[in-house]
Amino acid sequence: MTFTRRKMLTGLAGLAALGIVGGGARYWIGRPADPATHDYDLIAAPADIELIAGTRTPAWCYGGQAPGLELRARQGEWLRVRFTNHLPEPTTIHWHGIRLPLSMDGVPYVSQLPVLPGESFDYLFQVPDAGSFWYHPHTSSAEQLGRGLVGPLIVEEREPSGFRHERTLSLKNWHVDKQGAFTDFSVPREAARGGTPGVLSTVNGEHAPTLELPAGQVVRLRLINLTNTVTYRVNLPSGDARIYAIDGHPIAPRPLGKAYWLGPGMRIDLAVKVPPAGAALSLRNGPLRLATLASVDTAEAEGDWPAPLSANPVAEPDLRRAETLRFNFEWAGTLSSDAGQGGAFTFWQINGQAWDINDKTCADRPIATLKKDGHYIFELRNLSQYQHPIHLHGLTFKVISSNRKRIDPWYTDTYLLGKNETARIALVADNPGVWMFHCHVIDHMETGLMAAIEVV
Ligand code: C2O
Ligand code: CU
Ligand code: CU
């Protein structure tokens, strides 16, 4: 195990069981009174994992596991991660969905220099929003994320949320063959289409596992899609499930319904009423089973649906005075284009500009400049036949309308823009910096579908 936990971070569930939650009690035990220099020592290093029984997959791990170790922090507090790179190549960590200073955002040559093999970097920032987030590199992304450098980051609510039980479900599809060996993470003809899909689906690193849940309780499942390209159509037939938060941000709870489309990078917090002991539910992606939720006996009294989660402190955009900016996402290439010696393929562009993943200076030419504290509407137009989970760093935005479906506005960092859809999002540009704006289908991002948005 390459990871040392400096302190014991106990979830609310565990502490409730210990009976130490009470009016204003410090349920966040273990935070050292005199602050040490960091909360986590997180090491990225190669390690073999067993995805397919009897085989070895040469993964790259955070904290000795892939998907990586779950990090936890509490809303409003600092998260201090001393990161060490024991990989054979440079890397960084980006904290997906966290509003933080640019210097902590993990984008090479924009936020920091890449962390070289053998080097360490201290990531130190406050976490303003509670919710389900995640972390991953922003360097050689197809391969680094593909090999397993993806992990959940859970920010617990400032006040107890009302959930007594929770589980994190890290969803990942792997590019492996039957012997567990990696196959290509990105194939040009797939990158030019929907992205190169993995073939082996896992929850917390296991294919179709059985998760035991306490009978009669309402359990918070944090579903995190940390896969390179696959959108999961999450459904739970005959289960009683409600969505409490989308991409970390609370919504008025609503039934899961037929399916929720969870694109790469996206999360939902799903409350599930666990059926009587002995029963089982099938958590699925379309018709495919992701995991079995098995109900087991518990001495606990029946649980009830918790109250809605409290909103995060995200500034509300004022649509009347907002300036509208337009962004077109479109196909740019031909398969026989410019992938010359070591050059990157270009298949995608935003407003006619393709990001060159090998050009360190792209961020010097931002696609838009926003005024600090200005209010903006972005009109996102997808001129292609493929969907794109559009993600923005550093700022949280509100989804306000779509020409394809009814929108009940919500706050997020990633919007799954459907084929030929036009959607509008709005935000207050309250965080100065140069923020990456990209599709989270990793091989779209690496073949042009990325830009920088500057806030000054
Ligand atoms: Cu999770 Cu730049 O992204
Ligand atoms: Cu991000
Ligand atoms: Cu895309």
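Since the model is a prediction, treat every value here as computed from it, not as a measurement. (Residues numbered from 1 in each chain as written. Chains lettered and ligands numbered in written order. Predicted model: local features only at pLDDT ≥ 70, side-chain atom pairs only at ≥ 80, totals over all residues. Heavy atoms only, no water.)

### A word on the overall build of the chain
Basically, it comes down to this: By definition, any uninterrupted DSSP run of H or I lasting at least four residues is a helix, any uninterrupted run of E lasting at least two residues is a strand, and each is numbered from the N terminus. Each residue is assigned to one of three classes by its accessible area relative to the maximum for its type, calculated with a 1.4 Å probe on protein chains only: buried under 20%, partly exposed between the two thresholds, exposed over 50%. Two residues qualify as a contact provided that any one of their heavy atoms is within 4.5 Å of a heavy atom in the partner residue. For every accessible area listed, the method is Shrake-Rupley and the probe measures 1.4 Å; residues are considered covered only by the protein chains on display.
The helix and strand inventory of the chain stands at 4 helices and 31 strands. Evaluated residue by residue, the chain yields a buried proportion of 58% over its 456 residues. Once local pairs closer than 6 in sequence are excluded, the contacts in the chain between residues at least 24 apart make up 74%. Put simply, the chain shows about 18,000 Å² of open surface, and 52% of that area lies on carbon and sulfur atoms.

### Thoughts on the sheet that holds strand E15 (residues 240–246)
We apply this condition: Only strands joined by at least two bridges in the DSSP assignment are considered to pair. The angle between two axes is taken between their N-to-C directions and runs from 0 to 180 degrees, where each axis is a line fitted to C-alpha atoms and a helix contributes only its stretch in contact.
Strand order across the open sheet formed by 6 strands is E11-E10-E13-E18-E15-E16, with mixed pairing between neighbours. Every interior strand has two partners, whereas the edge strands, strand E11 (200–203) and strand E16 (249–255), have only one. Ignoring strand direction, the axes of neighbouring strands in this sheet form an average angle of 25°. For strand E13 (residues 218–225) and strand E18 (residues 267–273), the ladder comprises 7 bridges, and the chain directions are antiparallel. Residue pairing across strands places Arg-220 opposite Ala-271, the latter belonging to E18.

### Comments concerning the coordination of the copper ion (ligand 3)
Quick reminder of the rule: Distances up to 2.8 Å from the metal define which N, O and S atoms are donors, and 3.2 Å serves for Na, K and Ca; water is absent from the atom set, so sites may look incomplete.
Note on the copper ion (ligand 3): its protein donors are His-388 (ND1), Cys-439 (SG) and His-444 (ND1). The metal-donor distances range over 2.0 to 2.1 Å. Of note, the copper ion (ligand 3) draws all its donor residues from one chain, in the sequence arrangement H-x50-C-x4-H. Within this pair, whereas His-388 is found in strand E25 (residues 388–392), its partner His-444 is found in helix H4 (residues 442–445), the two being separated by 56 residues in sequence.

### As for the coordination of the copper ion (ligand 2)
Coordination sphere of the copper ion (ligand 2), protein contribution only: His-94 (NE2) and His-391 (NE2), at 1.9 Å. Pair noted here: His-94 is in strand E6 (residues 94–96) and His-391 is in strand E25, with a separation of 297 residues, a long-range link. Pair check on accessibility: His-94 and His-391 agree, each one buried.

### Re the environment of Arg-82
Test applied: Two N or O atoms count as a polar contact when they lie within 3.5 Å, although within protein this holds only if one can serve as hydrogen donor and the other as acceptor, and sequence-adjacent residues are included solely when both atoms are side-chain atoms.
Structurally, Arg-82 can be placed in strand E5 (residues 78–85). Owing to a relative accessible area of 28%, Arg-82 belongs among the partly exposed residues under this scheme. Separated by 41 residues in sequence, Arg-82 and Tyr-123 have C-alpha atoms that sit 6.3 Å apart. For Arg-82, the residues in contact, after removing those within four places along its chain, are Thr-37, His-38, Tyr-40, Asp-41, Leu-42, Phe-121 and Asp-122. In this structure the side chain of Arg-82 is engaged in a polar contact, spanning 2.8 Å, whose partner is the side chain of Asp-122.

### Some remarks on the nonpolar core
We count it as follows: In these notes, a set of buried Ala, Val, Leu, Ile, Met, Phe, Trp, Tyr and Cys residues joined through side-chain atoms within 4.5 Å is what counts as a nonpolar core.
In this structure, Phe-327, Leu-370 and Phe-378 are the most contacted members of the largest nonpolar core, which totals 93 residues. Dropping the residues within four chain positions of it, Phe-378 is found in contact with Leu-325, Phe-327, Leu-370, Leu-392, Ala-423, Arg-424, Ile-425, Leu-427, Phe-437 and Ile-453. Judged by nonpolar contacts, the second largest core, of 27 residues, contains Val-81, Leu-87, Ala-130 and Phe-133.

### Describing the sheet that holds strand E28 (residues 414–417)
Ordered by their spatial adjacency, 5 strands build an open sheet running E23-E31-E30-E25-E28, and the pairing between neighbours is mixed. The open sheet is flanked by strand E23 (368–370) and E28, the only strands paired with a single partner. For this sheet, the mean inter-axis angle between neighbouring strands, taken without regard to orientation, is 20°. As paired strands, E25 and strand E30 (residues 433–439) are joined by 3 bridges and run antiparallel to one another. Residue pairing in the sheet places Ile-390 in a bridge with Cys-439 of E30.

### A word on the pattern of salt bridges
Note the following rule: Within this document, salt bridges are pairs made up of a side-chain nitrogen of Lys or Arg and a carboxyl oxygen of Asp or Glu, the two lying within 4 Å of each other.
Counted under the stated rule, the structure contains 23 salt bridges. Its salt-bridge partner being Arg-326, residue Glu-379 comes within 3.6 Å of it at the nearest N-O pair. With Glu-379 in strand E24 (residues 375–382) and Arg-326 in strand E21 (residues 323–331), this pair connects stretches of sequence that are 53 residues apart. Residue classification places Glu-379 among the buried positions, given a relative accessible area of 18%.

### Some points on the side chain of Thr-168
Position of Thr-168 among the secondary structure elements: in strand E10 (residues 165–174). The exposure class of Thr-168 is buried, given its relative accessible area of 12%. Of the polar contacts made by the side chain of Thr-168, one reaches the side chain of Glu-70; its length is 2.7 Å. Each residue touching Thr-168, except ones within four places of it in the same chain, is listed here: Glu-70, Pro-152, Ile-154, Asn-204, Arg-222 and Ile-224.

### Thoughts on the packing of aromatic side chains
The description of an aromatic ring pair uses the distance of the two centres, along with the angle that the planes make with each other. Rules: Any two of the Phe, Tyr and Trp rings considered here, Trp counted by its six-membered ring, make a pair once their centres fall within 6.5 Å; the pair's planes then place it as stacked at under 30 degrees, edge-to-face at over 60, or tilted in between. Two conditions define a charge sitting above a ring: the NZ of Lys or the CZ of Arg must be within 6 Å of the ring centre, and it must be within 35 degrees of the ring normal.
According to the stated counting rule, one finds 16 aromatic pairs in the structure shown. Measuring from centroid to centroid gives 6.4 Å for Tyr-62 and Phe-83, while their planes differ by 70°, and the two rings are edge-to-face. Of this pair, Tyr-62 sits in strand E3 (residues 57–62) while Phe-83 sits in strand E5; the two residues are 21 residues apart in sequence, bridging distant segments of the chain. The pair Tyr-62 / Phe-83 is uniform in exposure class, with both members buried. These aromatic residues form a ring-pair network of at least three members: Tyr-62, Phe-83, Trp-95, Phe-121, Tyr-123, Phe-125 and Tyr-135. Across from the ring centre of Trp-305, 3.8 Å away, lies the NZ or CZ of Arg-242, which sits over that ring.

### Focus: the confidence of the model for the chain
Put simply, the rule reads: pLDDT gives the predictor's per-residue confidence on a scale running from 0 to 100.
Confidence along the chain averages 90 in pLDDT terms, with 90% of residues attaining 70 or more. Across residues 1–34 the pLDDT falls below 50, and counting only partners more than four positions away or on other chains, this stretch makes 62 contacts in the model.

### A closer look at unusual backbone geometry
Between Ala-66 and Pro-67 the backbone carries a cis peptide bond, its omega angle lying at -5°. A positive phi angle, near 50°, is found at Asn-204, a position not held by glycine. Considering the arrangement of structural elements, one finds Asn-204 in the loop between E11 and strand E12 (210–214). Here the phi dihedral of Ala-208 falls at roughly 45°; this positive angle occurs in a residue that is not glycine. Residue position: Ala-208 is located in the loop between E11 and E12.

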